[in-house]
Amino acid sequence: MLLSVDALKVVYQVKRGWPLPKTHLLKAVDGVSFEIAAGEALGIVGESGCGKSTVARAILRLVEPEAGRVAYAGTDVSHLPLRELRRLRPMVQMIFQDPAASLSPRMRIGDALAEAIRVHGIAEGSAIDDLVASTLTEVGLSPDVAGRYPHEFSGGQKQRIGIARALVLSPKLIIADEPVSALDMSVQAQILNLMARLKSERGIAFAFISHDLGVVRHFCERTAVMYLGQIIESGATREIFDAPLHPYTRLLRSVSPVPDPERDSAPTVPEGEPPSPLDPPGGCRFNPRCPFATDLCRTVIPELRPVNARNVACHHAESLPSEGF
Amino acid sequence: MTVLTIENLRTTLRLDSGDCDALREVSFSVDEGETLAIVGESGCGKSMLAMSIMGLLPSIATISEGHVVLGSRAIEAEPEAAMEKVRGAEIGMVFQEPMTALNPVFTVGSQIAEPLRDHLGLSRAEARKTAIDLMERVRIPSAASRYDSYPHEFSGGMRQRVVIALAIACRPKLLIADEPTTALDVTVQRQILDLLDTLQDQEKMGMLLITHNLAIVAGHADRVVVMYGGDVVEQATVRDLFRSPAHPYARALLASLPRVDRDLSELASIPGRVPPLAKLPDGCRFIDRCPHAMDVCGKMPPAVELGQGTRHTVRCWLHVEGGSDAAVG
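Residues numbered from 1 in each chain as written. Chains lettered and ligands numbered in written order. Predicted model: local features only at pLDDT ≥ 70, side-chain atom pairs only at ≥ 80, totals over all residues.

Engineer: Just give me the short version of the pairing of strand β1 (residues 2–15) of chain B, but keep the residues and values in it.
Structural biologist: Residue and element names in this part refer to chain B. The sheet contact formed by β1 and strand β2 (residues 18–31) spans 10 bridges and is antiparallel. Across the sheet, the residue bridging to Leu-15 is Gly-18, located in β2. Between β1 and the antiparallel strand that follows it, β2, lie 2 residues. Across 8 bridges, the pairing between β1 and strand β4 (residues 61–70) is antiparallel. (Pairing = 2+ DSSP bridges. Helix = DSSP H or I, 4+ residues; strand = E, 2+ residues; numbered from the N terminus.)

Engineer: Provide a residue-level description of the sheet that holds strand β6 (residues 92–95) of chain A, including the pertinent values.
Structural biologist: Residues and elements named next belong to chain A. Taken together, the 8 strands give an open sheet; going across it, the order is β6-β7-β8-β3-β9-β10-β12-β11, and neighbouring strands pair in mixed fashion. Each having just a single partner strand, β6 and β11 (305–307) make up the two edges of the open sheet. Adjacent strand axes in the sheet meet at a mean angle of 25° when their direction is disregarded. The pairing of strand β7 (residues 173–177) with strand β8 (residues 205–210) spans 5 bridges and is classified as parallel. Counted as the bridge partner of Ile-174 is Phe-206 from β8. Against the sheet, helix α5 (residues 155–167) touches β6 and β7, its axis set at about 170° to β6. (Axes fitted to C-alpha atoms, helices over the stretch in contact; angles between N-to-C directions. Contact = placed C-beta atoms within 7 Å.)

Engineer: So what's going on with the pairing of β7 of chain A? Which residues, and what values?
Structural biologist: Along any regular strand the residues' side chains alternate between the sheet's two faces. All names here are of chain A. Burial runs high along β7: 5 of the 5 residues are buried. Of the two faces of β7, the one holding Leu-173, Ile-175 and Asp-177 and the one holding Ile-174 and Ala-176 are both buried throughout. With 4 bridges joining them, β6 and β7 adopt parallel strand pairing. If you follow Val-92 over to β7, its bridge partner there is Leu-173. Where the polypeptide runs from β7 across helix α6 (residues 185–202) and back to β8, its parallel neighbour, the crossover connection is right-handed. (Buried ≥ 20, exposed ≤ 12 C-beta atoms within 10 Å, placed from the backbone. Right-handed = clockwise from strand over helix to strand, strands pointing away.)

Engineer: I'd love a proper account of the UniProt feature "domain: ABC transporter" (unreviewed entry) in chain B, names of residues and values included.
Structural biologist: According to UniProt, the feature "domain: ABC transporter" (unreviewed entry) maps to residues 4–254 of chain B in the numbering used here. This span, residues 4–254 of chain B, is 41% helix and 28% strand, and a straight line between its end C-alpha atoms measures 27 Å. (UniProt positions renumbered as here; feature names shortened; annotations may be inferred.)

Engineer: Kindly report on helix α1 (residues 52–59) of chain A, identifying the contributing residues and their values.
Structural biologist: All names here are of chain A. For α1, a buried count of 7 out of 8 residues is recorded, marking the element as mostly surrounded by other parts of the structure. Buried within α1 we find Lys-52, Ser-53, Thr-54, Val-55, Ala-56, Ala-58 and Ile-59. Positive phi shows up at Arg-61, right after α1, with a value of about 60°.

Engineer: Any chance you could break down the UniProt feature "domain: ABC transporter" (unreviewed entry) in chain A for me, citing the residues and the numbers?
Structural biologist: Listed under "domain: ABC transporter" (unreviewed entry) in the UniProt record, and renumbered for this structure, are residues 8–253 of chain A. Structurally, residues 8–253 of chain A is divided into 37% helix and 26% strand, and its ends, taken at the C-alpha atoms, are 26 Å apart.

Engineer: An account of the confidence of the model for chain B is requested, with residue identities and associated values reported.
Structural biologist: Across chain B, the average pLDDT comes to 92, with 98% of residues at or above 70. Scored by ipTM, the complex comes to 0.88, with pTM at 0.91. (pLDDT = per-residue confidence, 0-100.)

Engineer: Outline the nonpolar core, listing residues and values.
Structural biologist: Core analysis: the biggest nonpolar cluster contains 182 residues, and Ala-207 and Phe-208 of chain A have the highest contact counts within it. By residue number, the principal contributor to this core is helix α7 (residues 156–168) of chain B, which donates 8 residues. Among all residues touching Phe-208 of chain A, those that are not within four sequence positions of it are Ala-41, Leu-42, Gly-43, Ile-44, Ala-176, Val-216, Phe-219 and Cys-220 of chain A. (Core = buried A, V, L, I, M, F, W, Y, C linked by C-beta atoms within 7 Å.)

Engineer: Please provide a residue-by-residue account of α7 of chain B, values included.
Structural biologist: All names here are of chain B. For α7, with 13 residues, the first-to-last C-alpha span of 19 Å sits near the 18 Å given by 1.5 Å per residue. Of all the 13 residues making up α7, 12 are buried; the element is thus mostly covered by neighbouring parts of the structure. Those residues of α7 that sit buried are Gly-157, Met-158, Arg-159, Gln-160, Arg-161, Val-162, Val-163, Ile-164, Ala-165, Leu-166, Ala-167 and Ile-168. Lining the buried residues of α7 we find β6 (91–94), α3 (98–101), α4 (108–120), α5 (124–137), β7 (174–178) and α8 (186–203). (Expected span 1.5 Å × (residues − 1).)

Engineer: With reference to specific residues and values, describe the environment of Cys-316 of chain B.
Structural biologist: All names here are of chain B. As for its placement among the helices and strands, Cys-316 is situated in the segment after β12 (313–314). Given 23 C-beta atoms within a 10 Å radius, Cys-316 is considered buried. Separated by 303 residues in sequence, Cys-316 and Leu-13 place their C-alpha atoms 24 Å apart. The contacts of Cys-316, once residues within four sequence positions are left out, are Val-233, Ala-246, His-247, Pro-248 and Pro-301.

Engineer: So what's going on with the packing of α4 of chain B against α5 of chain B? Which residues, and what values?
Structural biologist: All names here are of chain B. Look at α4 against α5: their axes get within 8 Å of each other, and the N-to-C directions meet at 120°. The way α4 lies across α5 gives a crossing that is right-handed. Contact residues: α4 offers Gly-109, Ile-112, Ala-113, Leu-116 and Arg-117, while α5 offers Ala-127, Arg-128, Thr-130, Ala-131, Leu-134 and Met-135. Grouping the constituent residues of the contact of α4 with α5 by class yields 7 nonpolar, 2 polar and 2 charged. (Left-handed = near helix turned anticlockwise from the far one by under 90°. Nonpolar A, V, L, I, M, F, W, Y, C, P; charged D, E, K, R; others polar.)

Right, here's the structure in full:
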């Protein structure tokens with residue numbers, strides 16, 4: 001496996017209260033496990049506060065996990081000293097929602113790309129410039145733009161630069177955190193097509209984090225759905241979206257708008273919002289919003305277990321009525 | 001009955017590099033009880049349009065031609081004092097970011113009560129009672145006890161409900177919702193859109209739904225205006241637009257949408273990008289990105305109705321009879 005994440009747990013300390021703030025523990029990620037094979041795209045979906053971005057950060061050790069294991073191609077990196085981790089960094093790269101925030105406004109694009117190449121000793125001398133030029137071409141920019149500054153580019157072009165900076169290190173896996181959410185519709189398609197090409201031509205694997213189910217369906221072979229720090233359903237994207245099992249996945253799927261006025265929209269949705277991850281409900285975390293919840297759901301946390309060729313964390317996965325949501 | 005009519009509106013920006021038209025020849029109308037969606041990407045002029053209607057244009061922008069008619073009264077030349085009476089009373093507004101529409105140092109209840117006292121002249125006690133009713137109508141749980149809460153004590157979705165209560169407080173004939181759910185999660189987005197639909201039905205308001213999201217348009221609008229570079233490039237019922245888009249931009253946009261209910265092999269993408277304001281072409285503003293661009297496209301195309309009485313209009317030379325001859329003549 002290119003990436004394996006096992007029982008990952010990330011806890012943040014947050015201060016709340018006035019006048020004397022108290023420290024609370026927020027379990028942003030609570031026992032998450034998944035694997036990504038070479039050349040495969042895994043979509044991680046969920047609403048804000050579900051922990052999907054924290055998972056991404058923990059994989060790269062931008063936050064330190066409280067417990068659990070993250071391994072790149074079999075090497076456990078969760079306790080590796082940072083100096084040694086650095087040697088593995090080219091393998092796993094990240095692209096962000098706001099590429100402008102990850103580019104120094106004072107650095108020319110070519111210099112920013114060359115710095116990454118130099119730091120990791122990927123190439124030397126004139127080979128650096130050649131690599132920069134060929135990578136810019138690969139992401140659909142002219143090699144001449146190397147001399148320009150980030151503010152001279154549009155949002156879509158900046159995202160191309162963000163992708164180029166990941167690519168110069170020849171990564172095996174790219175972690176993409178909402179890479180197209182800030183882009184206009186016509187540009188979103190350009191960037192998605194570019195990433196799809198990198199996946200098929202270079203065999204790069206992706207962990208693709210998004211709140212947009214349509215985009216995930218288009219790009220990812222497999223999907224994991226998160227709710228309040230846990231994966232509640234995972235499996236092949238098509239199966240999950242065409243026949244979602246977990247009541248939360250069913251809810252998400254039914255409220256995701258479909259660009260087709262002739263489709264009957266889902267019946268009215270229940271009121272309610274995800275509870276604060278600071279104070280998650282006992283038992284199944286979805287139970288306060290779930291129309292099928294029983295006493296079992298309110299007391300015992302369901303395990304993620306195989307049902308119908310996928311994994312579902314629901315006590316009643318086999319016996320849920322087909323109606324509802 | 002028509003609630004809002006925009007007639008041949010032109011809004012001009014004075015930039016350092018010279019004047020430019022941020023909106024050109026924009027015409028449409030919104031009927032009572034109807035939702036008209038204005039859809040387009042950033043820079044298409046949809047927010048400039050909203051500001052032109054509300055009289056909130058920045059100082060560098062002016063309406064240089066055309067009319068904004070609310071009911072039967074043209075309001076584009078009204079002085080600011082008169083517009084203050086129109087906004088909030090006759091036009092309700094809901095914006096993308098509810099936190100910026102609410103004052104953090106006043107309770108939500110008092111903010112909903114304020115327009116009731118200012119515009120309708122209710123007493124303090126009456127305004128409080130009406131505000132609580134409004135909070136219940138937008139389904140804020142235990143409204144009476146949350147009257148005295150502050151905006152920061154509410155979630156994003158609940159804040160947007162407060163803003164909606166504020167917007168409908170004076171029973172406006174027209175509601176302008178500018179990206180009302182863009183900052184919200186999908187489950188909350190759906191709740192808010194359903195709420196807007198319900199309130200609109202009850203009040204028979206006309207609604208202008210400004211959004212970049214075509215999937216929302218499909219589910220929640222009656223008719224749609226597609227904008228590009230300050231022009232209305234196509235106008236149709238939602239069904240007609242999705243079934244038979246006529247403008248090359250609208251066609252490309254619809255083909256570029258990923259779908260949650262269906263597998264697509266590749267997304268159609270539109271090459272290039274939206275032209276910046278200072279460099280807008282004189283003719284059709286889609287010319288640089290259009291696969292069908294012809295010589296005649298250097299001139300602005302007229303709006304053409306496709307079929308009698310369909311209210312399906314498109315502004316593209318491809319649909320003008322003898323369009324390519326017009327370049328010569």
